[in-house]
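# Architecture and fold: a report
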Amino acid sequence: MFTAREYVKVGSLEEAWELNQKRTNVIAGGMLWLKMGNGQKGTVIDLSGLGLDQIQETEEEFSVGCMCTLRQLELDPGLERAFGGIFRESLRHIVGVQFRNCATAGGSVYGRYGFSDVLTCLLALDTWVELYKGGRIPLEEFAKMPYTRDVLVRIIIRKDGRRAAYGSQRNTKTDFPLIACAVSRKGDSWQISVGARPKKAERICLDGAGKTAAELAKEAAGRFAYGSNMRGSAEYRAHLAEVYIRRLAEKLEKEA
Ligand SMILES: Cc1cc2nc3c(=O)[nH]c(=O)nc-3n(C[C@H](O)[C@H](O)[C@H](O)COP(=O)(O)OP(=O)(O)OC[C@H]3O[C@@H](n4cnc5c(N)ncnc54)[C@H](O)[C@@H]3O)c2cc1C
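Everything numeric in this text was worked out from a predicted model, so none of it was measured.

## Quick look at the site of the ligand
In the neighbourhood of the ligand, 33 residues make up the surrounding shell, with Ile 27, Gly 29, Gly 30, Thr 104 and Ser 108 lying closest. Ile 27 is positioned with one of its backbone polar atoms (N or O) 2.6 Å from an oxygen atom of the ligand. Taking Trp 33, its main chain carries an N or O atom lying 3.0 Å from an oxygen atom of the ligand. When the ligand sits alone it has 970 Å² of accessible area, and the protein chains cover 92% of it. A per-class count over the shell around the ligand returns 22 nonpolar, 7 polar and 4 charged.

See below:
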């Protein structure tokens, strides 16, 4: 557990950004990942007074405030309707309900963790992040960026009519995933993201015209690099990725 000299519940994003420019200070989401670390921090910056704990839906998009919890994403009826259960399925395995009631969307996306179900799920959709100074950028670009000291304000998920499905495998319940796959489809355009390889999730786009789900899965799984760790070997992960992508593609084909 870390300790901190000060705690500030900020009144504006500008105040949060200014405080966050000091290297020893830290923004707190749900603090579930942060609390795993040790050492002394300067100021803990709390964004919970800024009204960023809502999911807003318009005709074009969903706007998820950085302080929304994973549980809010999991249960939101609008997200469920628009994307066919991908949020529920990707989040329900993360530790437990009490945990997901605390972990935030902002902390999860900012962290860009290699094991992240959240990143894998969001990459298969048309997702953007809104940074206080950096403005709106595609999540795919943000995922590859080095860590900066900007404030992640919102996550934007555009409604572009795509359908999506998610699958992951764990060696044991509540553990990190061994592999995480998300597949989305709009017409013949398929987007496939694979995380927990055990590297950070990445996304590829494929033209699925004239291809069976098995052909699509083979091609997609072959485009990612896999590694080994205590949870499984690279070969096993590559095999699982192909199986999951095929199953998810078949599910979306049936729905269509
Ligand atoms: C034991 C354990 C098991 C887990 N298992 C899984 C799993 O199986 N699958 C999965 O996907 N995830 C898993 N996670 C990750 C978890 O779901 C969250 O993603 C993680 O805890 C971060 O969310 P948080 O709200 O706790 O962020 P915090 O711990 O508060 O913050 C994380 C980082 O993000 C920064 N940050 C937070 N909010 C912002 C912001 N708005 N702007 C800029 N920076 C910000 C913080 O400064 C910090 O560097 C696990 C975490 C733990 C501790």
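## Focus: the domain arrangement of the chain
What the domain assignment lists for the chain is domain 1 (3-43), domain 2 (55-158) and domain 3 (163-255). Taking the mean C-alpha position of each, domain 1 and domain 3 sit 35 Å from one another.

## Focus: the nonpolar core
Core analysis: the biggest nonpolar cluster contains 47 residues, and Leu 73, Ile 86, Phe 87, Val 109 and Ile 157 have the highest contact counts within it. For this core, the element with the highest residue contribution is helix 7 (residues 117-123), accounting for 5 residues. Excluding its chain neighbours within four sequence positions, the residues that come into contact with Phe 87 are Leu 73, Leu 79, Cys 121, Leu 122, Leu 125 and Ile 157. If you look at the next biggest cluster of nonpolar residues, it comprises 25 residues, including Ile 179, Trp 190, Phe 224 and Ala 241.

## Here's the deal with helix 10 (residues 234-255)
A rise of 1.5 Å per residue sets the reference length of helix 10, with its 22 residues, at 32 Å; its end C-alpha atoms lie 32 Å apart and thus fit the reference within 8%. For helix 10, the full list of buried residues reads Ala 234, Arg 237, Leu 240, Ala 241, Val 243, Tyr 244, Ile 245, Leu 248, Ala 249 and Leu 252. On its buried face, helix 10 is in contact with strand 9 (163-169), strand 10 (179-186), strand 11 (189-195) and helix 9 (213-222).

## Section: the sheet that holds strand 10
Here 4 strands make up an open sheet; going across it, the order is 9-10-11-12 and the pairing antiparallel. At either end of the open sheet lies a strand with only one pairing partner, and these are strand 9 and strand 12 (202-207). For this sheet, the mean inter-axis angle between neighbouring strands, taken without regard to orientation, is 15 degrees. Where strand 11 meets strand 12, 6 bridges bridge the pair, whose relative direction is antiparallel. Bridge pairing links Trp 190 to Leu 206 in strand 12. Contacts from helix 9 reach strand 11 and strand 12 within the one sheet, and its direction differs from that of strand 12 by about 140 degrees. Sheet strands touched by helix 10: strand 9, strand 10 and strand 11. Its angle to strand 10, the strand with the most contacts, is close to 30 degrees.

Conventions adopted
Residues numbered from 1 in each chain as written. Predicted model: local features only at pLDDT ≥ 70, side-chain atom pairs only at ≥ 80, totals over all residues. Heavy atoms only, no water. Near = heavy atom within 4 Å. Polar contact = N/O pair within 3.5 Å; in protein donor to acceptor, adjacent residues only side chain to side chain. Areas by Shrake-Rupley, 256 points an atom, 1.4 Å probe, with all protein chains shown as cover. Nonpolar A, V, L, I, M, F, W, Y, C, P; charged D, E, K, R; others polar. Domains from an automatic or database assignment. Core = buried A, V, L, I, M, F, W, Y, C linked by side-chain atoms within 4.5 Å. Buried < 20%, exposed > 50% of the residue type's maximum accessible area, 1.4 Å probe, protein only. Helix = DSSP H or I, 4+ residues; strand = E, 2+ residues; numbered from the N terminus. Contact = heavy atoms within 4.5 Å. Expected span 1.5 Å × (residues − 1). Pairing = 2+ DSSP bridges. Axes fitted to C-alpha atoms, helices over the stretch in contact; angles between N-to-C directions.

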